Amino acid sequence: MKINILDWVAIVLVIVGGLNWGLVGAFNFDLVAFIFGAMSMLSKIVYVLVGLAALYMIYISTKLMKE
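First, a word on what this report is: a plain description of the structure on this page. What you are looking at is a predicted structure, and each value in this text was computed from that prediction instead of being measured.

Focus: unusual backbone geometry
Next, step 1: Located in the positive-phi region is Asn-28, a residue other than glycine, with phi close to 55°.
Next, step 2: Residue placement: Asn-28 occurs in the loop between helix H1 (5-27) and helix H2 (31-36).
Next, step 3: For Asn-28, a relative accessible area of 69% translates into the label exposed.
Next, step 4: With a phi close to 50°, Met-39 is a non-glycine residue in the positive phi region.

Regarding H1
Next, step 1: Its 23 residues place the ends of H1 32 Å apart at the C-alpha level, agreeing with the 33 Å of an ideal helix rising 1.5 Å per residue.
Next, step 2: Within H1 the residues assigned to the buried category are Asp-7, Ala-10, Gly-17 and Asn-20.
Next, step 3: Buried residues belonging to H1 abut H2 and helix H3 (41-66).
Next, step 4: Its side-chain oxygen placed 3.0 Å from the backbone nitrogen of Leu-6, Asn-4 serves as the N-cap of H1.
Next, step 5: Asn-28 occupies a position one or two residues after H1 and carries a positive phi of about 55°.

Reading the values: the criteria
Residues numbered from 1 in each chain as written. Predicted model: local features only at pLDDT ≥ 70, side-chain atom pairs only at ≥ 80, totals over all residues. Heavy atoms only, no water. Helix = DSSP H or I, 4+ residues; strand = E, 2+ residues; numbered from the N terminus. Buried < 20%, exposed > 50% of the residue type's maximum accessible area, 1.4 Å probe, protein only. Expected span 1.5 Å × (residues − 1). Contact = heavy atoms within 4.5 Å. Polar contact = N/O pair within 3.5 Å; in protein donor to acceptor, adjacent residues only side chain to side chain.

Structural data, given as structure tokens:
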């Protein structure tokens, strides 16, 4: 399976989300909120995009398992 630009964007977003949750769990520090403001519109957009990327990764994973 060849990785396209959407796949790369999803991978980056899931990594960003995972690192952000790691920071929240380890240090109680939300990097997204720090950069964009706590629950600002931009923060919400980032959180939604990370969630959508995770759903897309689930879809891609099931597609890869069928190959």
